[in-house]
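Remarks on the overall topology
So you can see what is in the structure, the chains are spelled out below.
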Amino acid sequence: MHHWTMGRRALLGGAAALAATGGARAQGTGSLTYVGWSHDEAASRPVLTEAFDRFRAANPATRLDVVGFPWGQMQQNLVLRQRSNQPQDVVQLAERWLPQFARVLQPADLREVMGAEIAAAIDPGLLRIGQVGGRQLGLPWTAASIGMVANRKVLADAGVTEMPRTVDAFADALRRIKRSHAEVVPYAFATKNNLTMSPDFQVWLWTFGGKLFDADDKVAVDSDAARAALSFLVDLSREGLIARDVDRPDSRRLFGQHRTAFYHDAPLARGFARDNSGQGAAFDQHVAAAATPVLRAGDPTRSLMWGHLLVMPNARNARIAADSAGVRLIRHLALDDETQLRYFRAVGLFPVTRSALATLSGDTYVTEWARNAGTAEMDEPSTWANAADLTNIVGEEVQAALLLTKPPAQAIADMANRLRRATANQRRT
């Protein structure tokens, strides 16, 4: 199995902006509270409800309470529940939230709790997305990357017979698509919503050899590489190869209607394409997991680390037994192949265990995505306590350049100055 990389390792240290004032309950056998968001989403609700019901049937002595919040409200509600000492024994987190919540929730080190079974079941590189400061604070539940997706039909209709591997070939392909399909947005790059613009820009920043921050946590974005990356995107916009007012949901709809050739998404992209096309699995033939083009042949392809984690808040530092109710639930959701594969087949989220992934070796979409994700990097703002502020700064300056209200060099300079001010009294979490 390939190894997954996380980029710069987040270091456990500074407190998040909202520190916990209460402590989670010690894990008990009588009742168990799970808090997450996926089971409240329409696509995931049936399969996860069934997974929770199977856990209840296998653990009749444990009362499982399942609490759900919309994804956008999860972070706020986790902090509020922790402050008021409401139970949350097992919690679902997005991978980019873990550095901030390492201090808020004070999760248990699952290697200490579960021992060798974790490394035996899951590739060590993949486990890195749940690590902070060398501790396994989260166990991957599903993981891959925010990667590039390509529409084979749009490419073929434009006479593009090979997936573009380099930046120059990519731009040429976009121009060919535009010439043959005037109504098509060749590349549905996110041009609104900082939460999607920042990750999409970072992928190109890395591709051109830049970073937002260096290894010493200094702002590094004021660079030739960053200016080149943003200038590349602005040039695409000037040529009409990317469009204004596009967010991830817009990209998904365009893709399912054969009105874009490329965009960035999580592995759920194939499921969204099935739904938006109205063709179901018949649309799969048009969906390809594409490697982000590289600046020079031989460079590693870049994408953004992505995944969902399960953590066990443990502010009181209680001893958690390997057979406790919370650990059994984590084992059931993340380490049980049957549960993992049912989840994959229902909504398209990749499993994490070696054995479950092995059963999908014949699925080209899964295997190619996994290979492309092998050089994924962690979202850079996420490792700062004020991650939301930094994400907004990056998105706002990228959008200013795309809207032609600032030259790319000015947008990069302003981004660097604003990031310096925003991180002056902060430190990485």
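Throughout what follows, the structure given in this document is the object of discussion. As the structure is a prediction and not an experimental result, all values here were calculated from the model.

1. Digging into the overall build of the protein chain
- Scanning the protein chain from terminus to terminus reveals 18 helices and 10 strands.
- Relative to the globule expectation of 22 Å for 429 residues, the C-alpha radius of gyration of the protein chain, 22 Å, shows essentially globular dimensions.
- Principal axes of the C-alpha set define a box for the protein chain whose edges measure 65 × 50 × 35 Å.
- When each of the 429 residues of the protein chain is scored for burial, the buried share is 58%.
- Approximately 16,500 Å² of the protein chain is accessible, and the part contributed by carbon and sulfur atoms is 49%.
- For the protein chain, the distance from the average site of its 49 positive side-chain charges to the average site of its 44 negative ones is 3 Å.

2. Considering the packing of helix 10 (residues 224-238) against helix 17 (residues 387-402)
- Running from N to C, helix 10 and helix 17 point in directions that differ by 45 degrees, and their axes come no closer than 9 Å. Overall, the two elements helix 10 and helix 17 adopt an arrangement that is oblique. Regarding helix 10 and helix 17, the two cross each other, and that crossing is right-handed. Of the residues in helix 17, those in contact with Leu 230, Leu 233, Val 234 and Ser 237 of helix 10 are Val 398, Ala 401 and Leu 402.
- Residue classes in the contact of helix 10 with helix 17 are distributed as 6 nonpolar, 1 polar and no charged.

3. Comments concerning helix 13 (residues 325-335)
- Counting buried residues in helix 13 gives 9 out of 11 residues, a clear majority hidden from the surface.
- Among all positions in helix 13, only Ala 325, Gly 326, Val 327, Leu 329, Ile 330, His 332, Leu 333, Ala 334 and Leu 335 are buried.

4. Section: the pattern of salt bridges
- One pass over the full model with this rule turns up 27 salt bridges.
- Between Arg 175 and Asp 172 there is a salt bridge, and its shortest N-O distance comes to 3.0 Å. Pair noted here: Arg 175 and Asp 172 are both in helix 8 (residues 167-180), with a separation of 3 residues, about one helical turn.
- Where salt bridges share partners, they join Glu 396, Glu 397, Lys 406, Asp 414 and Arg 418 into one cluster.

Definitions and cut-offs
Note on numbering: residues in each chain are counted from 1, in written sequence order. Predicted model: local features are reported for residues with pLDDT of at least 70 only, side-chain atom pairs are reported and counted for 80 or more only, and whole-chain, interface and lining totals are derived from all residues. Water and hydrogen atoms play no part in the side-chain values, which are based on all heavy atoms of the structure. Numbering goes from the N terminus for both helices and strands, where a helix is a DSSP run of H or I of at least four residues and a strand is a run of E of at least two. For the radius of gyration, the atom set is restricted to C-alpha positions; the globular benchmark scales as 2.2 Å times the number of residues to the power 0.38. Note on classification: 1.4 Å probe, protein chains only; a residue is buried when its accessible area is under 20% of the maximum for its type, exposed when over 50%, partly exposed between these limits. In these tables, accessible area is a Shrake-Rupley quantity obtained with a 1.4 Å probe, and a residue counts as shielded only by the protein chains included in the view. Lys and Arg are tallied as positive, Asp and Glu as negative. Neither His nor the chain termini are counted. Charged groups are reduced to one reference atom each: NZ for lysine, CZ for arginine, CG for aspartic acid, CD for glutamic acid. Note on geometry: axes are lines fitted to C-alpha atoms, helical ones only across the stretch in contact, with angles between N-to-C directions running from 0 to 180 degrees. Convention used here: angles under 35 degrees read as roughly parallel, angles over 145 as roughly antiparallel, angles from 65 to 115 as roughly perpendicular, and any remaining angle as oblique. Helix crossings are classified by the rotation of the near helix relative to the far one: an anticlockwise turn of less than a right angle makes the crossing left-handed, while a clockwise turn makes it right-handed. Any two residues whose heavy atoms approach within 4.5 Å at even a single point are treated as in contact. When residues are sorted by character, Ala, Val, Leu, Ile, Met, Phe, Trp, Tyr, Cys and Pro go into the nonpolar class, Asp, Glu, Lys and Arg into the charged class, and all the rest, Gly among them, into the polar class. Criterion for a salt bridge: a side-chain nitrogen of Lys or Arg within 4 Å of a carboxyl oxygen of Asp or Glu.

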